[in-house]
Amino acid sequence: MSASKPLDYESPHKKSAKKFILKEYIQLTAGPANFSDRVLQALSMQCLNPLSKEMHLMMDEVKAMLQYLFQTTNPLTLVNQTSGSGGNESILTNLLDPGDKLVIAVGGTWGEKVQDMAQRYGFDVLAIRKPPGEIFTVEELEAAVKSHQANLLFVTHGESSGGTLQQLEGIGPMCHKYDCLLAVDAVASMGVDPLYTDRWQLDAVCTASQKAIGSPPGLCLLTFSPRAEERIKAKKNKSPYYFDMTRQGLYFDCFVDDHSRKYHYTFSSNLLAALREALAQLCEEGLSEVWERHKRNSEYLWKKMGEIGLDCFVEKVENRFHGITCVKIPSGVDQLELLKFIKDKYDIEIAYGHGPTLNKAMRIGLLGQNSRPEVVDYLVKALKDGMEQLRKQGTN
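Residues numbered from 1 in each chain as written. Predicted model: local features only at pLDDT ≥ 70, side-chain atom pairs only at ≥ 80, totals over all residues. Heavy atoms only, no water.

Check the secondary structure of the protein and you find 12 helices and 14 strands. For the C-alpha atoms alone, the extent of the protein along its principal axes is close to 70 × 70 × 45 Å. At a minimum sequence separation of 6, the contacts of the protein that also span at least 24 residues come to 71%. Just so you have it, the protein exposes about 18400 Å², and 52% of that area is on carbon and sulfur atoms. Computed over 46 positive and 49 negative side-chain charges, the separation of the two mean positions in the protein equals 4 Å. (Helix = DSSP H or I, 4+ residues; strand = E, 2+ residues; numbered from the N terminus. Contact = heavy atoms within 4.5 Å. Areas by Shrake-Rupley, 256 points an atom, 1.4 Å probe, with all protein chains shown as cover. Lys, Arg positive; Asp, Glu negative; His and termini not counted. Charge placed at Lys NZ, Arg CZ, Asp CG, Glu CD.)

Written out as structure tokens, the structure reads:
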């Protein structure tokens, strides 16, 4: 067929397409967070061949930095080109066969999503729940694991929909007493609150690139313990092709008995380069320092909010997540109008409630480079102004 033949449909932008420009906002939602200039510059590089030596070198560097981030020596530590939800699905489908028994500790939206995933794959699911603002004790989790004879316990570390932080210490040894693996969703909490994969005997941990780590969405970061790796290799049913950690593990050179890198799918070198730069900045600052900075600035936020009459949704301080603070909707103020006001006037974007906080709280994220005292001061100024203006309008 000749290329000179007329097209069936003409472009509406022919000879008139303009460069698409987005206005920049301070992203204080539950994620993504703003990126540093170094990350943006790395993202703009030309792409690499997914099998080139330069790509392999970058993969090796990322893997080493991830082992530091996860605080683990697990060889099976890698990146998959998907979201945090895809990472959770990778964990489930690589560790369980249909009919296997799974306990899910549901404290908000993300536990509910994992339950939905698990039921679609035919796992035998027991979901246990806590009311908003509460977390599980080891004893409560043990009772569920024991009664259900679970093969896997799945918990969410930082529950961004409810603002809680689930304590993890002691859960791993408890699970292993019953020949049960422990999986952790740390999508929101990685790089915010302490997490020790090896010390706490966590078997599978998933996080994502776009929150406190500070690189673009689209990558999930995973680590699997040797115990979990044995389970992956012993599975009766193959995992979904894209989420198969044996194939992706070969691509990232994760198996000590097989160093023949094998192509799995075309991986974005641009996303990986941006992640590498974000991880490098985190390593330069130091993980302990990053954890302390998030804790210090969130506590400063809670103090400043109290000064303008705002209350935290999670009442128990020991249950609060230091990355995302859920704030009760102030009386006499329309939540959506307040969010619109501070976005339009101050270029700040925060999130409305989700799951257990829907119509009850707003969600403020101090993640990555946005966790700074000057950001808190600017945000509190915007919130105070917004509340005063909207209340004044309401009395007119």
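Its location among the elements puts Gln115 in helix 4 (residues 109–120). Polar side-chain contacts of Gln115 include one of 2.7 Å to the side chain of Arg129. Residues in contact with Gln115, not counting those within four places in the same chain, are Ile104, Val106, Val125, Ala127 and Arg129. (Polar contact = N/O pair within 3.5 Å; in protein donor to acceptor, adjacent residues only side chain to side chain.)

Enumeration over the complete set of coordinates arrives at 11 aromatic pairs. Seen from their ring centres, Tyr251 and Phe252 are 5.8 Å apart, and the 85° between their planes marks the pair as edge-to-face. The exposure classification of Tyr251 matches that of Phe252, with both residues buried. Their ring planes at 70° and their centres at 5.6 Å tell us that Tyr346 and Tyr378 sit as a pair that is edge-to-face. (Phe/Tyr/Trp six-rings, centres within 6.5 Å; stacked < 30°, edge-to-face > 60°. Buried < 20%, exposed > 50% of the residue type's maximum accessible area, 1.4 Å probe, protein only.)

Moving on to the nonpolar core. Counting residues in each nonpolar core, the largest one holds 84 residues, and the members touching the most others are Val79, Leu92, Leu153 and Phe224. Counting residues per element, this core draws most heavily on helix 9 (residues 269–285), at nine residues. Leave out the neighbours within four places in its chain, and Leu92 touches Leu102, Val114, Met117, Ala118, Phe123, Leu152 and Phe154. Judged by nonpolar contacts, the second largest core, of 27 residues, contains Val327, Ile348, Ile350 and Leu390. (Core = buried A, V, L, I, M, F, W, Y, C linked by side-chain atoms within 4.5 Å.)

Here the focus is the pairing of strand 11 (residues 324–328). Within strand 11, four of the five residues are buried, which leaves the element mostly enclosed by the surrounding structure. Where strand 11 and strand 14 (residues 361–365) come together, five bridges link them in antiparallel fashion. Note on strand 14: the bridge partner recorded for Cys326 is Arg363. (Pairing = 2+ DSSP bridges.)

An order of 11-14-13 is seen for the three strands of this open sheet, with the pairing classed as antiparallel. Bordering the open sheet on either side are strand 11 and strand 13 (351–352), each of which pairs with just one other strand. As paired elements, strand 13 and strand 14 share two bridges and run antiparallel to each other. By the bridge assignment, Tyr352 is partnered in strand 14 with Met362. Where helix 10 (residues 287–307) meets the sheet, it contacts strand 11 and strand 14, and its direction lies at approximately 15° from that of strand 11. (Axes fitted to C-alpha atoms, helices over the stretch in contact; angles between N-to-C directions.)

The step from Gly31 to Pro32 runs through a cis peptide bond, and the omega angle for that step is 5°. Relative to the elements of secondary structure, Pro32 occurs in the loop between strand 1 (26–27) and helix 1 (37–43). The phi torsion at Asp253 lies on the positive side, around 55°, for a residue other than glycine. Position of Asp253 among the secondary structure elements: in the loop between helix 8 (245–251) and helix 9. Phi is positive for Asn359, close to 65°, though the residue is something other than glycine. Relative to the helices and strands, Asn359 resides in the loop between strand 13 and strand 14.

Here the focus is the pattern of salt bridges. As enumerated under the stated definition, the model contains 27 salt bridges in all. Here Asp100 and Arg231 are joined by a salt bridge, their closest N and O atoms 2.3 Å apart. Here Arg231 lies in helix 7 (residues 226–234) and Asp100 lies in the loop between helix 3 (84–95) and strand 3 (101–106), a separation of 131 residues in the sequence. The class for Arg231 is partly exposed, based on a relative accessible area of 22%. (Salt bridge = Lys/Arg side-chain N within 4 Å of Asp/Glu carboxyl O.)

Moving on, we come to the pairing of strand 14. Most of strand 14 is tucked away, with five of its five residues classed as buried. Of the two faces of strand 14, both are covered, the one formed by Ala361, Arg363 and Gly365 as well as the one formed by Met362 and Ile364.

Below, the discussion takes up the environment of Gln149. Within the secondary structure layout, Gln149 lies in the loop between helix 5 (138–148) and strand 5 (152–156). Residue class for Gln149 comes out exposed when judged on its relative accessible area of 61%. Note: C-alpha distance between Gln149 and Val103 (46 residues apart in sequence) is 9.1 Å.

The geometry of helix 2 (residues 53–70) relative to helix 9 is characterised by a closest axis approach of 10 Å and an angle of 40° between their N-to-C directions. One element, helix 2, and the other, helix 9, form an angle in the oblique class. Seen along the crossing, helix 2 lies across helix 9 with a hand that is left-handed. Between helix 2 and helix 9, the contacting residues are Met55, Met58, Met59, Glu61, Val62, Met65, Leu66, Tyr68 and Leu69 on the first element and Ser269, Leu272, Ala273, Leu275, Arg276, Leu279, Ala280, Leu282 and Cys283 on the second. When its residues are assigned to classes, the contact of helix 2 with helix 9 shows 15 nonpolar, one polar and two charged. (Parallel < 35°, antiparallel > 145°, perpendicular 65-115°, else oblique. Left-handed = near helix turned anticlockwise from the far one by under 90°. Nonpolar A, V, L, I, M, F, W, Y, C, P; charged D, E, K, R; others polar.)

Treat this as a map of the structure, not an account of what it does.
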